[in-house]
Every structure is written in C-alpha cells, then in structure tokens.
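Structural description and commentary
The chain contents come next:
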Amino acid sequence: MTTQQLTNQIQKKKSFLCVGLDVDLNKIPKYLLKEEDPIFAFNKAIIDATHHLCVAYKPNTAFYEAYGIKGWQALEKTIKYLNENHPEIYTIADAKRGDIGNTSTMYAKAFFEDLGFDSVTVAPYMGKDSVEPFLAFKDKHTILLALTSNEGAFDFQTKTVDKVELYKQVLETSKSWKNSENLIYVVGATKAEFLGDIRKIIPNSFLLVPGVGAQGGNLQEVCKYGMNTSVGLLINSSRGIIYASQGEDFAQAAAEKAEELQLQMKQILSK
C-alpha cells in the first residue's frame, strides 16, 4: 500500500485508528479456548466488529511467536483474512526486527512477501545497512523506532551526543538512507511534548503513535503537536480496545471502544 492510499483511507473513514492485535490466551474469553484456533477466532471477531472504524491493524508478533507453530499459523491466517476481505486496510507487523545485510533482507521477505504485510517495525540501533534492505521493497513501509513510550526510552533515546538528543540524530540520519520516503516513525503518545521538535525534522512523514488509552497517552495532545497537512498519524490502541470485555460481548465492546476513538478523530479532522 502506498502512502497516498493510506491517506485516502484516513479521509474516507474519518479515522486514523490502528488496532493492535496482541492476543494473550489468558485474557481472551474462556469459551474461545474450545476453538480449534482460539487466537484466530478472537482476531476474526475483533476484525469483523471494528474494520469500518480503523484504517490499520498491528499484530505484535511476540504474542504469536510465544505459542510456537500454532501461534505463527494464527498470525498467517489473520493477515490472510485481512488481505482477502479488507485489502484497503493497512497492516503492520510489529516485529521490531533489525540486523545487517542479508539477514534484514530475509526478515523483510518473511513479512512482506511470505505473509503479505504492508509494513514492519524495525530498530535503528545497527544503522543504515540494517534498515535499507527493508526499504528496498516497493510499496512497503519500514516503521523505525524513534522515540518510544516505555520507561526505558530515557536510557538511550533522549541522551545527548554532541549536544543533540540521540532520537533526533536517528531521525535526521535516516532521511539520507535510500528510499527513506518509505519510512514511518514510531513516537509514543506519552511523549507528545516532543512531537513539535520531531515535526521540524520530519514534517511530512507518517508517525505510528502507540500509547493512547491504557498507557495514558492523550489523543488531543498528540494531534495538536503531531498532525501535519495530510494527517500523518496512525494512533494505535491495543488493550484498551481488544480487552474491553472478557465476556461473550467482547467484539461488540471492542467496537464501542474503537468507535469512541474514531468519533474523536472525526471531530478533530472536521476542524
């Protein structure tokens, strides 16, 4: 999916919501555990209930890898279901990969060619030659970790080197990489006060913003400082939507939570 196609979907749906599909078998409704594939059954129900309210889905691959081959098969079925039934929806493999040369190429092939995701999250710590192999794929996006929402983000990301914060150096340097127009950047919603400086460096790029909802991020603050002329935001919510209920009404409850955010987004876009 191209950046323009993603922007078109945002305008059409009046939404820039991304739903995180982070499936923990200890948290899903107990009756689903009787299903042949409870992870996929849960995901399918969530997708069926929320697809009209969001423009993207983001499975965190750790929640699938933890269950071995059955978890990976559930991930494969989930992305296939999305691509076949809702091809207009943007898909993100939240895998946080990143290694040098041919290794990164193989990671990219796994998520872009075999599974058919539109994008994959990548850690920038190993630099240019660990990221450019992902950027080589046409109409695919590489989502670079820039300033994350976790407590440990301050261990490295905001440290100054030559009087410039490290995350700003990552942003600035990444612009020089081949096919950098295919970069999207992760900026945590709990770091909204940093968005003004980030937009000075990458004014036109899309930002994937996790942390709204359960982690305490504020949607209005993120939009105030992070939105650009083409919106340029994907706001992710995972636990706050998919675990809104652990009863048989879980999908409807998820839809209600998703609609709450979508209506706020619609109001913001109409201003």
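Attention in this report is confined to the structure presented alongside it. (Residues numbered from 1 in each chain as written. Predicted model: local features only at pLDDT ≥ 70, side-chain atom pairs only at ≥ 80, totals over all residues. Heavy atoms only, no water.)

A few words on the overall build of the chain. What the chain contains, in helices and strands, is 12 helices and 10 strands. Against the compact-globule benchmark of 18 Å for 271 residues, the chain has a radius of gyration of 18 Å, which places it among compact chains. Of all intrachain contacts in the chain linking residues separated by at least 6 positions in sequence, the fraction that spans at least 24 positions is 73%. Entry remark: accessible area of the chain is about 12500 Å², with carbon and sulfur atoms responsible for 50%. Across the chain, the mean location of the 30 positive side-chain charges is 4 Å away from that of the 32 negative side-chain charges. (Helix = DSSP H or I, 4+ residues; strand = E, 2+ residues; numbered from the N terminus. Rg over C-alpha atoms; globule rule 2.2 N^0.38 Å. Contact = heavy atoms within 4.5 Å. Areas by Shrake-Rupley, 256 points an atom, 1.4 Å probe, with all protein chains shown as cover. Lys, Arg positive; Asp, Glu negative; His and termini not counted. Charge placed at Lys NZ, Arg CZ, Asp CG, Glu CD.)

Once that is clear, we can look at the sheet that holds strand E9 (residues 207–209). The strand order around the closed barrel built from eight strands is E1-E2-E3-E4-E5-E8-E9-E10, with neighbouring strands paired in parallel fashion. Taken over all neighbouring pairs, the strand axes of this sheet differ in orientation by 30° on average, direction set aside. (Pairing = 2+ DSSP bridges. Axes fitted to C-alpha atoms, helices over the stretch in contact; angles between N-to-C directions.)

Structurally, Lys 12 is set in helix H1 (residues 3–13). The class of Lys 12 is exposed, set by a relative accessible area of 68%. Linking Lys 12 and Gln 267, residues 255 residues apart in sequence, is a C-alpha distance of 14 Å. (Buried < 20%, exposed > 50% of the residue type's maximum accessible area, 1.4 Å probe, protein only.)

Taken as a whole and judged by the stated rule, the model has seven aromatic pairs. Taken together, the ring pairs connect Phe 42, Tyr 243 and Phe 250 into an aromatic cluster. (Phe/Tyr/Trp six-rings, centres within 6.5 Å; stacked < 30°, edge-to-face > 60°.)

Moving on: the side chain of Asp 24. Take Asp 24: it is sitting in the loop between strand E1 (17–20) and helix H2 (38–50). Within polar-contact distance, the side chain of Asp 24 engages the backbone nitrogen of Asn 26 at 2.9 Å. For Asp 24, the contacting residues outside a window of four places in its chain are Phe 63, Tyr 67 and Tyr 243. (Polar contact = N/O pair within 3.5 Å; in protein donor to acceptor, adjacent residues only side chain to side chain.)

Judged by nonpolar contacts, the single largest core of 89 residues is most densely connected at Phe 16, Val 19, Phe 42, Ile 198, Leu 207 and Leu 234. Ranked by residues supplied to this core, first place goes to helix H12 (residues 250–269) with eight residues. Discounting chain neighbours no more than four positions away, the residues touching Ile 198 are Leu 147, Tyr 167, Leu 171, Val 187 and Leu 207. (Core = buried A, V, L, I, M, F, W, Y, C linked by side-chain atoms within 4.5 Å.)

Applying the stated rule across the entire model yields zero disulfides. Unpaired in terms of disulfides, Cys 54 finds its nearest cysteine sulfur in Cys 18, a separation of 7.5 Å. With a relative accessible area of 0%, Cys 54 lands in the buried category. Here Cys 223 stays free of any disulfide, with the sulfur of Cys 18 as its closest cysteine sulfur at 14 Å. For Cys 223, a relative accessible area of 7% corresponds to the buried category. (Disulfide = S-S within 2.5 Å.)

Turning next to unusual backbone geometry. Glycine aside, a negative phi is what most residues show, and trans is what most peptide bonds show. For Lys 96, which is not a glycine, the phi torsion comes out positive at approximately 50°. Unlike most non-glycine residues, Val 231 shows phi in positive territory, near 80°. Along the chain, Val 231 falls in the loop between helix H10 (219–226) and strand E10 (233–237).

Let's shift gears to helix H5 (residues 101–114). Look at H5: 19 Å from first C-alpha to last across 14 residues, which is about the 20 Å you get at 1.5 Å a residue. Bending of H5 peaks at approximately 25° at the position of Ala 108. Inspection of H5 places Ser 104, Ala 108, Phe 111 and Phe 112 among the buried residues, and these make up the whole buried set. Looking at the buried positions of H5, the neighbouring elements they touch are helix H4 (68–85), strand E3 (90–97), strand E4 (119–122), helix H6 (128–135) and strand E5 (141–147). At the exit of H5 stands Gly 116, carrying a positive phi of roughly 85°. (Expected span 1.5 Å × (residues − 1). Bend = angle between axes of the 7 residues up to and from the residue.)

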